[in-house]
Amino acid sequence: GWNEIHREDIDLSRLVEDSVEVFRRRALATNALVRADISPDIHAEVDAEAFAIVISNLLENAVKYGDDPAAVGIDLSMDGSRAVLEVRDNGAGISEEDVELIFGRFYRGGDEMTRTARGTGLGLYLVQQIVEAHRGKVGVASTGPTGTIFRVTVPGFEV
């Protein structure tokens, strides 16, 4: 598993904002639209480097599976004692069978033709490994013909 986790109290809101800014500059090249709604001052005990991988993988994923042009939404909020990160795309949705498999180590969705464009398929597997190492959860919150929402929750607090 992902065992190089060094948790420390970080400003998760700022980490997400920074990740989105980096991503936004790259997304411009593909005409992707990125909309962020990030509540300020949310903190969590996370490994900043590892969590940045989670955010960028989910954003990459949203562009890859999104429509053309891709529209990506990223939200960070508090729900009780948990920080909730949601990344949504405007793709065609994930089939029910695939939702079960999507976090598998070598899973790649779609048919052979699109499959070659999707790297090794380790993205979501890695996301799950990292999130679970933080005592968090990741899953598909909803999916359908207008898009998919991935939700990550980790213990957090507001300052």
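Our subject is the structure listed above.
The following refers to the structure shown. Within any chain, residue numbers begin from 1 and follow the written order of that chain's sequence. For a predicted model such as this one, the threshold for reporting local features is a pLDDT of at least 70, and the threshold for listing and counting side-chain atom pairs is 80 or more; totals across whole chains, interfaces and linings nevertheless cover every residue. Side-chain figures throughout are based on the complete set of non-hydrogen atoms in the structure, without hydrogens or water.

1. Overview of the overall build of the protein
Reasoning step 1: Summing up its helical and strand segments, the protein has five helices and seven strands in all.
Reasoning step 2: For every residue, the accessible area (1.4 Å probe, protein chains only) is compared with the maximum for its type, and the residue is labelled buried under 20%, exposed over 50%, or partly exposed between those bounds. Within the protein, buried positions represent 42% of all 159 residues.
Reasoning step 3: Computed with a 1.4 Å probe, the accessible areas rest on the Shrake-Rupley method; for each residue, only the protein chains presented here act as cover. For the protein, the accessible area works out to roughly 8600 Å², and carbon and sulfur atoms hold 50% of it. Helical segments are the DSSP runs of H or I of at least four residues, strand segments are the runs of E of at least two, and each set is numbered from the N terminus.

2. Considerations on the packing of aromatic side chains
Geometrically, a pair of aromatic rings is defined through the distance of the ring centres and the angle of the planes.
Reasoning step 1: Put simply, two rings from Phe, Tyr or Trp (the six-membered ring, in Trp's case) pair if the centres are within 6.5 Å, and we call them stacked under 30 degrees between planes, edge-to-face over 60, tilted for the rest. Tallied over the full model, the rule gives one aromatic pair.
Reasoning step 2: Note on F103 and F150: the rings are 6.2 Å apart at their centroids and 85 degrees apart in plane angle, and the pair reads as edge-to-face. With F103 in the loop between α3 (96-101) and α4 (112-115) and F150 in strand β7 (residues 147-158), this residue pair connects regions lying 47 residues apart in the sequence. Both residues of the pair, F103 and F150, belong to the buried class.

3. As for helix α5 (residues 123-133)
Reasoning step 1: Of the positions making up α5, those classed as buried are L124, V127, Q128, Q129, I130 and V131.
Reasoning step 2: By the convention used here, residues are in contact when the closest approach between their heavy atoms is within 4.5 Å. Packing partners of the buried residues in α5 comprise α2 (48-65), β6 (137-144) and β7.
Reasoning step 3: R135, located one to two residues past α5, shows a positive phi value of around 60 degrees.

4. Examining the nonpolar core
Reasoning step 1: Nonpolar core, defined: a set of buried Ala, Val, Leu, Ile, Met, Phe, Trp, Tyr and Cys residues in which side-chain atoms within 4.5 Å join the residues together. Grouped together as the largest cluster of nonpolar side chains are 39 residues, with contacts concentrated most on L12, V16, L58 and V152.
Reasoning step 2: Top contributing element to this core by residue count: α2, with seven residues.
Reasoning step 3: Leaving out residues up to four positions away in the same chain, V16 has contacts with I38, I55, I74, L76 and L85.

5. Topic: the pattern of salt bridges
Reasoning step 1: A pair is scored as a salt bridge if a Lys or Arg side-chain nitrogen falls within 4 Å of a carboxyl oxygen belonging to Asp or Glu. Inspection of the entire model under this criterion finds seven salt bridges.
Reasoning step 2: The residue R88 makes a salt bridge to E86 at a minimum N-O spacing of 3.7 Å.
Reasoning step 3: Of the residues examined, R88 reaches a relative accessible area of 24% and is grouped as partly exposed.
Reasoning step 4: Residue class for E86 comes out buried when judged on its relative accessible area of 14%.
Reasoning step 5: Beyond isolated ion pairs, a larger network of salt bridges with shared partners links R35, D75, E86, R88 and R151.

6. Points about the side chain of T153
Reasoning step 1: Mapped onto the elements, T153 comes out in strand β7.
Reasoning step 2: Residue classification places T153 among the buried positions, given a relative accessible area of 12%.
Reasoning step 3: Whenever two N or O atoms come within 3.5 Å, that pair is a polar contact, provided that in protein one can donate a hydrogen and the other can accept it, and provided that, for residues adjacent in sequence, both atoms are side-chain atoms. Within polar-contact distance, the side chain of T153 engages the side chain of R82 at 3.4 Å.
Reasoning step 4: Setting aside anything within four residues of it in sequence, one finds T153 in contact with R82, A83, V84, V131, G136 and K137.

7. A few points about the packing of α2 against α5
Reasoning step 1: Each axis is a line fitted through C-alpha atoms, and for a helix only the stretch in contact is used; angles between axes span 0 to 180 degrees, taken between their N-to-C directions. For the pair α2 and α5, the least separation of the axes is 9 Å and the interaxial angle reads 145 degrees. As for the relative orientation of α2 and α5, their crossing is left-handed in sense. Between α2 and α5, the contacting residues are A50, I53, V54, N57, L58 and N61 on the first element and G123, L124, L126, V127, I130 and V131 on the second.
Reasoning step 2: Three categories are distinguished: nonpolar for Ala, Val, Leu, Ile, Met, Phe, Trp, Tyr, Cys and Pro, charged for Asp, Glu, Lys and Arg, and polar for the others, with Gly belonging to the last. Looking at the contact of α2 with α5 residue by residue, the classes come out as nine nonpolar, three polar and no charged. Two helices that cross are described as forming a left-handed crossing if the nearer one is turned anticlockwise from the farther one by less than a right angle, and a right-handed crossing if clockwise.

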